[in-house]
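# Reading the structure
Chain by chain, the residues:
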Amino acid sequence: MHELGVVFHIVDEVEKVAKENNVKHISKVTLEIGEVSTIVPDYFRDCFKWTTDKSEIMKGCTLDLIILKAMTYCENCKGTYETVKYGKTCPHCSSDKTYLITGSEVNIKSVETDDE
Ligand SMILES: [Zn+2]
């Protein structure tokens, strides 16, 4: 139930921003989700709909998911490469002194309102 926790967090954040800006209804939320985050998009959408249906501010709101490509950095050759393709081993120098630089995040990219 990891997705549900993330959804609760995002709905909280969006509602907070909406209240601070006197927005009555949010019509669309765009999120960036890293390729290797543990989020399953279909399941995430279901959780999002279930949660926002209970929210006055976010009821019926559209969810747009942008998947960000995961990139890994190699300490040995200072290169970067696509994480999903090569995993933990650098394709340039075969070193395993590598770490993920992007791809595990979940960010709120934009929020739209349909207030008059
Ligand atoms: Zn390398």
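This section reports on the structure supplied with the text. This structure is a prediction, so every number in the text was calculated from the model and none was measured.

### Topic: the packing of aromatic side chains
- Considering all chains together, one arrives at two aromatic pairs under this definition.
- When the ring of Tyr81 is compared with that of Tyr86, the centres are 5.9 Å apart and the planes differ by 80°; the resulting orientation is edge-to-face.
- Overall, Tyr81 belongs to the buried group, its relative accessible area being 3%.
- Judged by its relative accessible area of 41%, Tyr86 is partly exposed.

### With respect to the packing of helix H1 (residues 2-20) against helix H2 (residues 41-52)
- In contact at an axis separation of 9 Å, H1 and H2 are set at 45° when each is read in the N-to-C sense. Judged by the angle between their axes, H1 and H2 are oblique. Crossing hand, H1 versus H2: right-handed. Contacts from Glu3, Leu4, Val6, Val7, Phe8, Ile10 and Val11 in H1 reach Tyr43, Phe44, Cys47, Phe48, Trp50, Thr51 and Thr52 in H2.
- Considered class by class, the residues forming the contact of H1 with H2 number 11 nonpolar, two polar and one charged.

The rules behind each value
Residues numbered from 1 in each chain as written. Predicted model: local features only at pLDDT ≥ 70, side-chain atom pairs only at ≥ 80, totals over all residues. Heavy atoms only, no water. Phe/Tyr/Trp six-rings, centres within 6.5 Å; stacked < 30°, edge-to-face > 60°. Buried < 20%, exposed > 50% of the residue type's maximum accessible area, 1.4 Å probe, protein only. Axes fitted to C-alpha atoms, helices over the stretch in contact; angles between N-to-C directions. Helix = DSSP H or I, 4+ residues; strand = E, 2+ residues; numbered from the N terminus. Parallel < 35°, antiparallel > 145°, perpendicular 65-115°, else oblique. Left-handed = near helix turned anticlockwise from the far one by under 90°. Contact = heavy atoms within 4.5 Å. Nonpolar A, V, L, I, M, F, W, Y, C, P; charged D, E, K, R; others polar.

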